Amino acid sequence: MSRPAGSKSIWVAAMALVAVVLATNARAAERMIFDIYVLGIRAGELEIASATNQSRYALAGRLESTGLLGAIRRVRYGGEAKGRITRGQLAPDLYSDTTVSDDRRSGGRMAYRNAVPQPKTYTPPRTPDPEDVDPATQRGSIDPLTAMYTALRDRPRDLACRTDARLFDGRRATRLRIVPVPGDPLRCRGVYVRIAGYDADELAERREFPFEMRLEATEGDAVRVAEITARTIYGRARLVQR
């Protein structure tokens, strides 16, 4: 499958991260690919490459519009994250992202110090909004790419559907919670909640975004995310892993 030229740099950077961060005892790099459907129409593709060892992780992500939506408006996101693993929990050290929308390109970089995100630097520079959240108040939060990987990665069955994370992207604070469905070990329920950094109209429009996850068994006692369904402001959406 051919890819836009801009996405190639993400994978070059990912391999550099793997080489530097995971010099010893690294598992083989893994890749997840999801197709995104809105109102039954294929609208996008999400891809996450990851590599971990006992104490470190490195991620590279790509999200882009495809199909009819891609023909109307081309949107592409690329992200990179790396950090530490402590008792199974991921804590980022560095996060960067780039978004290309039609002919506009923007990006940012955010480091962490003692689990506190530092002010994000933007390219091109942006003027702060009154609603922007102070990074100093976000100790223990994780970046959006680390959060996506945390929610979507393969897991042992007894650890599936157990996510409670605070997210911070440099401007906005959100929360992601995923819990098991009683009596069904292959289903989870989750909710994505807007906390702060949004204007009054955005919060009035919608504050919580519930979703359901369907899992499937893999080798041993592990499970993988097969499908996520959600009601969005654009209609019913599905995320389906290939």
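Note that the structure is predicted; figures quoted are calculated from it, not measured. (Residues numbered from 1 in each chain as written. Predicted model: local features only at pLDDT ≥ 70, side-chain atom pairs only at ≥ 80, totals over all residues. Heavy atoms only, no water.)

Now for the state of the cysteines. This model, assessed by the stated rule, comprises one disulfide. The disulfide partner of Cys161 is Cys188, and the S-S distance across this bridge is 1.7 Å. Since a negative S-S torsion denotes a left-handed disulfide, the Cys161-Cys188 link at about -55 degrees is left-handed. Linking Cys161 in the loop between strand E9 (155-156) and strand E10 (163-168) with Cys188 in strand E12 (residues 184-196), this pair joins segments that are 27 residues apart in sequence. In this structure, Cys161 and Cys188 share a single accessibility class: buried. (Disulfide = S-S within 2.5 Å. Helix = DSSP H or I, 4+ residues; strand = E, 2+ residues; numbered from the N terminus. Buried < 20%, exposed > 50% of the residue type's maximum accessible area, 1.4 Å probe, protein only.)

Before going further, it helps to examine the nonpolar core. By size, the foremost hydrophobic cluster in this structure holds 37 residues, and its most contacted members are Leu152 and Ile178. At five residues, the largest contribution of residues to this core is made by helix H3 (residues 144-152). When neighbours within four sequence positions are excluded, Leu152 is seen to be in contact with Met32, Phe34, Leu46, Ile48, Val225, Ile228 and Leu239. (Core = buried A, V, L, I, M, F, W, Y, C linked by side-chain atoms within 4.5 Å. Contact = heavy atoms within 4.5 Å.)

Another aspect to go through is unusual backbone geometry. Across the junction of Thr123 and Pro124, the peptide omega takes the value -5 degrees, indicating a cis bond. Along the chain, Pro124 falls in the loop between strand E8 (121-123) and H3. For Leu39, which is not glycine, the phi torsion reads 55 degrees and is therefore positive. Mapped onto the elements, Leu39 comes out in the loop between strand E1 (30-38) and strand E2 (41-52). Even without glycine at this site, Cys161 takes up a positive phi of about 60 degrees.

Judged by side-chain charge, Glu131, Asp199, Asp201 and Glu205 come together as a negatively charged surface patch. Topologically, Asp199 is positioned in the loop between E12 and helix H4 (200-205). (Patch = residues over 30% accessible without salt bridge, like charges linked within 9 Å, V, L, I, M, F, W, Y side chains within 5 Å. Areas by Shrake-Rupley, 256 points an atom, 1.4 Å probe, with all protein chains shown as cover. Salt bridge = Lys/Arg side-chain N within 4 Å of Asp/Glu carboxyl O. Lys, Arg positive; Asp, Glu negative; His and termini not counted. Charge placed at Lys NZ, Arg CZ, Asp CG, Glu CD.)

It is worth spelling out the confidence of the model for the protein chain at this point. Looking at the protein chain as a whole, the pLDDT averages 88, with 86% of positions reaching at least 70. Per-element confidence in the protein chain is highest for strand E7 (residues 116-117), whose mean pLDDT is 98, and lowest for helix H1 (residues 5-21), whose mean pLDDT is 47. Scored below 50 in pLDDT, residues 1-15 shows 28 contacts in the model against residues more than four places distant or in partner chains. Confidence drops under pLDDT 50 across residues 17-26; counting only partners more than four residues distant or on other chains, this segment forms 22 contacts. (pLDDT = per-residue confidence, 0-100.)

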